[in-house]
Amino acid sequence: MAAPVPSLGEPFHRPLTHLEVKLEANRCLYCYDAPCMNACPTHIDVASFIAKIAAGNLAGSARVIMDANPMGASCARVCPTDQLCEGACVYKKEDTPIRIGDLQRYAVDAAMRDGTRLFEAGAPTGHTVAIVGGGPAGLSAARDLRRMGHAVTIFEAREMLGGLNTYGIVPFRLPIETALWEAEQVVELGAQVRTNVRVGRDLAMDALLAEYDAAVLACGMGGVPQIGIPGEELAGVWDALEFIERVKLGRGVGALGSRIAVIGAGNTAIDALTCSRRIARQAGAGGGEARVTMYYRRGERQMSAYGFEYEFAKQEGIEFRFFCAPKRIVGEGGRVKAIEFVRTRLETSEGGEAAVPVSGTEFVEPIDTVVRAIGQSRLVETFDRLGIAHDGGVVRVDENLQTTRPGVYAAGDCIFAKGTREAMVVEAAEQGKRAARSIDTYLRRGA
Amino acid sequence: MADLRSNLAGIASPNPFWLASAPPTNSGYQVMRAFEAGWGGVVWKTLGTPIVNVTSRFAGMNYKQNKMVAMNNIELITDRPLDENLSEIAKCKRAFPDRAIVASLMEVCERDAWRELVKRVQEVDIDGFELNFGCPHGMSERGMGAAVGQHPDLIARVTEWVVEASRVPVVVKLTPNVTDIRFPARAAARGGAHAVSMINTINSIMGVDVETWNPIPHVDGKSSHGGYCGPAVKPIALNMVNDCARDPEVGIPISGIGGVETWQDVVEFLLLGASNVQVCTAVMHHGFRIVEELADGLNRYLDARGIESVAEIVGGAANRITTWNNLNLNYKIVARIDQSACIHCNKCYIACEDAAHQCIDRVRQPGGSTNLVVDEGHCVGCNLCSMVCPVDECIEMVRVDTGRPAQSWKERAAAMGEVG
Ligand SMILES: Cc1cc2nc3c(=O)[nH]c(=O)nc-3n(C[C@H](O)[C@H](O)[C@H](O)COP(=O)(O)O)c2cc1C
């Protein structure tokens, strides 16, 4: 399982020093019914875990965090804390919110380092649950179901657990070890894991439901869709997630050339930008700097990447071109050579703001590598095959996260309705927990 | 600029800031540096028959990130030969003739021993003596320090011996390790002391290392109780100073010691009856330089109030302390929360709910937020909410008119007696 993992240089965000932790933990007011806790989708009792850090009880602190959020280690690194816990901190008014994410990372890192066992499986109930997809939502559901005593089997299409945490976030933001440690916590509770199994292809839903009392669909989304322009088949055109995955697993992405274009403006686009820039810099040590540019058909204000990600990309030397859309990719000898763009402008229509091309404004940029980062496709066919109702690939669920098939629940990105917001790990974790609770009720009611 | 000069029972100094007898006054080198920094006087590290010290010696008490809100020590008196100390005292006095140098003394309870020590020390030019009847550890096991300070008769007797032999004013330094400080203070006055100083350190065990079970600090795995001092002891010192200041049987000036670190601390000691202050822990924590701010702050305070000299405020609030029986039962204050300053930490709410009188409500606002609102009808004015509030001046305790005239318990009991 262990692949050679390149760190690709300095982490995006360094951990706090012991002194910083002490200062910061003691600065926390230990609010009652704290707003930070209420702002966290998983309702981590922040005041409590910070008080435990201050009291030197790191294992207890990690337990409070992971109890509420089975993805507490990755969330400490990738959550947009300025919009969640830290945004709600009572010190926010003074512009000095407690660094909750960093403190969380400190406590969980200690548990990771010390190998602290945080949870125990519940007394066996005799019920069995299949989890389809071993990403944040599936793992969270599995973790809580095991604590409730239900037998759990995770079906994972990939080789490793962790989903996008393992495969889809650059190592300097979320190291693979962190994602795998979280998965390991679930496996240690006795969850069975069947990797390289794709439900819907290798295993039919009916077969699954014949064997298990309930199931959680947590299969996320698909790869990055085609842009739909000529030239996408050329060598040198990447799916951002495949690109990041190869980098994260140390499998190499070949020569990127000196001009790299990333199409899209979400967090995955930022990841593709910053890691290709770091790769190009490592490869071209001594040579000329690679130009890594983000092209986005709308403006800075419409970007879905988090503000702090955007800031990070700027510091990494990324260039940004707004209001331009690719028209075609120009090749030479089967490889990318250039992209023809057209300028766009925003037009307000009923459906919101749309970017429309302005004819006659075409321009050509010499490009060696293109990375598509325009979101993820929906698993429309999969859900059709599974006989699960969905809306354009977004699984339909009720308030208990039950799908249209009784006993089948869904959580995570597969129920994430499209919007301008980015899907968050922390929400997937919360949905996993909720699905587990619903299933527990469903099973105890006597399915 | 106000007149900061102070005079303690005839011992004059250019300001009321003295260094207490402790490590900062161990040597001539240190005292020279202290005078250069601006200290008005020093009480030299206690002189007596030289002793042997142990290591380690001190421990600090931290509160969260605040280091040394108190400390304790198991150090003894000076471990340097008397002659060395005396020649350094002489040198310091020559270099800074306007500053006060007081010699702290400790001896076994024998008249000749004390007379001999007094005679030898006053061969150099000193401004006064301070008798150390306070050191609570080590020396007390040998019948000195607090062992004397806990027996009024011994205090009176030794004080008499010293006063008899002394050419300069005699200050008696008291131990707080007694139930009523007025008894030893009265004994000092009876013995002819010109002033008393208080407090010396409080019996304490700083802690236990939960890993090793060693006491803190420990000497090869063991410890003895030590002497507690620093900011956390100030309230105890203020109470003792004030007890003595209001007691007609004590009737002599007081040098206030215990937790002084800021000019506000100084003003409080003076208002409650001290003529000057002595400082130890704050200097051990921050160095001699703190005296600059003590003087600057005190000066500005006095100037702002049009007070011309430090002496004018001595005892200014001494009689604001009385017995509980004299307090006005019809005085009422209630908490008022400034909604614009509130940061919604809910600390006041949970403190009142769990530990006071359940009179702060969380009231949902139209926007979905909650406001903290005091039920003034049930608020007993205990102050707890304003104490836990992290925002200064967010919770104000405001007076409400009860419509009833002032009446103390004493008066009420008397009135009820007349009726009943
Ligand atoms: C390490 C240490 C040694 C002390 N040694 C003496 C001493 O030799 N003689 C004495 O009268 N008081 C001694 N004291 C007590 C101080 O003079 C003073 O009374 C006490 O520390 C309270 O003041 P503070 O709160 O400013 O420290 C000592 C205190 C400390 C911390």
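Everything numeric in this text was worked out from a predicted model, so none of it was measured.

Turning next to the pairing of strand 19 (residues 370-374) of chain B. Residue and element names in this part refer to chain B. Within strand 19, four of the five residues are buried, leaving the element largely enclosed by the surrounding structure. Where strand 18 (residues 360-364) and strand 19 come together, five bridges link them in antiparallel fashion. Following the sheet pairing, R362 is matched in strand 19 by L372. The turn linking strand 18 back onto strand 19 is made up of five residues, and G368 within it adopts a positive phi angle of 105°.

In this model, chain A carries a mean pLDDT of 94, and residues with pLDDT of at least 70 account for 97%. Taken together, the stretch residues 1-5 of chain A has pLDDT below 50 and engages in nine contacts with residues farther than four places along the chain or on a different chain.

Further remarks concern the packing of aromatic side chains. What describes a pair of aromatic rings is the distance from one ring centre to the other and the angle between the planes of the rings. All names here are of chain A. If you walk through the whole model with that rule in mind, you get 15 aromatic pairs over all chains. The interplanar angle of 35° and the centroid separation of 6.1 Å between the aromatic rings of F12 and F308 together place this pair among those described as tilted. Within this pair, whereas F12 is found in the segment before helix 1 (18-27), its partner F308 is found in helix 14 (residues 307-315), the two being separated by 296 residues in sequence. Residue classification places F12 among the buried residues on the basis of a relative accessible area of 18%. What links up through ring pairs into an aromatic cluster is the set F12, F172, Y306, F308 and F312. Stacked on the ring of F119, the Lys or Arg R143 has its end atom at 4.5 Å from the ring centre.

Here the focus is the pairing of strand 8 (residues 128-132) of chain B. All names here are of chain B. Extensive coverage of strand 8 is indicated by the burial of five of its five residues. Where burial is concerned, the two faces of strand 8 agree: the one with G128, E130 and N132 and the one with F129 and L131 are both buried. Here four bridges tie strand 7 (residues 100-105) to strand 8, and the two strands are oriented parallel to one another. Within the sheet, the bridge partner assigned to L105 lies in strand 8 and is L131. Handedness of the crossover joining strand 7 and strand 8 through helix 3 (residues 111-121): right-handed.

With that settled, the discussion passes to the interface of chain B and chain A. Every contact between the two is made by 14 residues of chain B and, on the other side, 11 residues of chain A. Counting the surface lost from both chain B and chain A, the interface buries some 1200 Å², and carbon and sulfur atoms represent 53% of this. If you sort the residues of chain B by the area they bury against chain A, Q65, I343 and K347 of chain B come out on top, with a joint share of 44%. Taken together, the connections running from chain B to chain A amount to one salt bridge. The interface formed by chain B and chain A contains eight residue pairs in polar contact (both at pLDDT 80 or more). Split by residue class, the side of chain B that touches chain A holds seven nonpolar, four polar and three charged.

On the surface, W324, L327, W409 and M416 of chain B cluster together into a nonpolar patch covering about 460 Å² of accessible area. Position of L327 of chain B relative to the elements: it lies in the loop between helix 10 (290-304) and strand 17 (332-337).

What follows is about the sheet that holds strand 3 (residues 17-19) of chain B. Residues and elements named next belong to chain B. Read once around its circumference, the closed barrel built from eight strands follows the order 3-4-7-8-9-10-15-16, with strand pairing classed as parallel. Between one strand axis and the next, the sheet turns through 25° on average, direction left out of account. Together, strand 3, strand 15 (254-257) and strand 16 (276-279) form the strand contacts of helix 8 (residues 263-271), whose direction differs from that of strand 16 by roughly 135°.

As a further point, take the domain arrangement of chain B. As far as domains go, chain B holds domain 1 (6-318) and domain 2 (324-419). Computed over C-alpha atoms only, the centres of domain 1 of chain B and domain 2 of chain B are separated by 40 Å.

With that out of the way, let us pick up the sheet that holds strand 11 (residues 202-204) of chain B. Residue and element names in this part refer to chain B. Taken together, the four strands give an open sheet; going across it, the order is 5-6-14-11, and neighbouring strands pair in antiparallel fashion. Among the strands making up the open sheet, the edge pair consists of strand 5 (58-63) and strand 11. Strand-to-strand twist in this sheet, taken as the mean axis angle between neighbours without regard to direction, amounts to 45°. Where strand 6 (residues 66-73) meets strand 14 (residues 226-229), three bridges bridge the pair, whose relative direction is antiparallel. Bridging across to strand 14, N72 finds its partner in Y228.

Further remarks concern the site of the ligand. Residue and element names in this part refer to chain B. Near the ligand you find 24 residues, and of these S21, T46, K173, G259 and T281 are the closest. Between the ligand and T46, the relevant distance is 2.7 Å, taken from a nitrogen atom to a side-chain nitrogen or oxygen of the residue. In isolation the ligand offers 610 Å² of accessible surface; the protein chains occlude 98% of this area. Secondary-structure elements contributing two or more residues to the shell around the ligand are strand 4 (41-47), strand 6 and helix 9 (281-286). Residues of the shell around the ligand, tallied by class, amount to 11 nonpolar, 10 polar and three charged.

The next thing to look at is the packing of helix 8 (residues 136-147) of chain A against helix 16 (residues 425-444) of chain A. Residue and element names in this part refer to chain A. Where helix 8 meets helix 16, the closest approach of the two axes is 7 Å, and the angle between their N-to-C directions is 40°. Here helix 16 runs oblique to helix 8, going by the angle between their axes. In this structure, helix 8 meets helix 16 at a crossing whose hand is right-handed. In contact with P136, A137, S140, A141, D144 and L145 of helix 8, helix 16 contributes V425, A428, A429, G432, K433, A436 and I439. A per-class count over the contact of helix 8 with helix 16 returns nine nonpolar, two polar and two charged.

This next bit is on unusual backbone geometry. A cis amide bond links T55 of chain B to the next residue, S56 of chain B, at an omega of -5°. Considering the arrangement of structural elements, one finds S56 of chain B in the loop between strand 4 and strand 5. Along the chain, I216 of chain B connects to P217 of chain B via a cis peptide bond; the corresponding omega equals -10°. Its place among the elements puts P217 of chain B in the loop between strand 13 (215-216) and strand 14. For D95 of chain A, which is not a glycine, the phi torsion comes out positive at approximately 70°.

Residue and element names in this part refer to chain A. Packing of helix 12 (residues 240-248) against helix 13 (residues 267-283) leaves a shortest axis separation of 10 Å and a crossing angle of 45°. Put simply, helix 12 runs oblique to helix 13. Crossing of helix 12 against helix 13: the hand is left-handed. Every residue of helix 13 that contacts helix 12 at A240, L241, F243, I244 and V247 is listed here: T268, D271, A272, C275, S276 and I279. For the contact of helix 12 with helix 13, the residue count by class is eight nonpolar, two polar and one charged.

What follows concerns the domain arrangement of chain A. Residues and elements named next belong to chain A. By domain assignment, chain A separates into domain 1 (18-114), domain 2 (128-222 + 377-444) and domain 3 (237-372). Each of domain 1 and domain 2 was reduced to a C-alpha centroid, and the two centroids are 26 Å apart. Counting residues at the interface gives 22 residues for domain 1, matched by 20 residues for domain 2. Together domain 1 and domain 2 conceal approximately 1800 Å² of surface at their shared face, both sides included; 69% is due to carbon and sulfur atoms. By the criterion of area lost to domain 2, the three top residues of domain 1 are P70, M71 and V78, representing 32% of everything that side buries. If you look at where domain 1 meets domain 2, you find one salt bridge.

Scoring rules and cut-offs
Residues numbered from 1 in each chain as written. Chains lettered and ligands numbered in written order. Predicted model: local features only at pLDDT ≥ 70, side-chain atom pairs only at ≥ 80, totals over all residues. Heavy atoms only, no water. Buried < 20%, exposed > 50% of the residue type's maximum accessible area, 1.4 Å probe, protein only. Helix = DSSP H or I, 4+ residues; strand = E, 2+ residues; numbered from the N terminus. Pairing = 2+ DSSP bridges. pLDDT = per-residue confidence, 0-100. Contact = heavy atoms within 4.5 Å. Phe/Tyr/Trp six-rings, centres within 6.5 Å; stacked < 30°, edge-to-face > 60°. Lys NZ or Arg CZ within 6 Å of the ring centre and 35° of its normal. Right-handed = clockwise from strand over helix to strand, strands pointing away. Buried area = accessible area lost by both parts, 1.4 Å probe. Salt bridge = Lys/Arg side-chain N within 4 Å of Asp/Glu carboxyl O. Polar contact = N/O pair within 3.5 Å; in protein donor to acceptor, adjacent residues only side chain to side chain. Nonpolar A, V, L, I, M, F, W, Y, C, P; charged D, E, K, R; others polar. Patch = residues over 30% accessible without salt bridge, like charges linked within 9 Å, V, L, I, M, F, W, Y side chains within 5 Å. Areas by Shrake-Rupley, 256 points an atom, 1.4 Å probe, with all protein chains shown as cover. Axes fitted to C-alpha atoms, helices over the stretch in contact; angles between N-to-C directions. Domains from an automatic or database assignment. Near = heavy atom within 4 Å. Parallel < 35°, antiparallel > 145°, perpendicular 65-115°, else oblique. Left-handed = near helix turned anticlockwise from the far one by under 90°.

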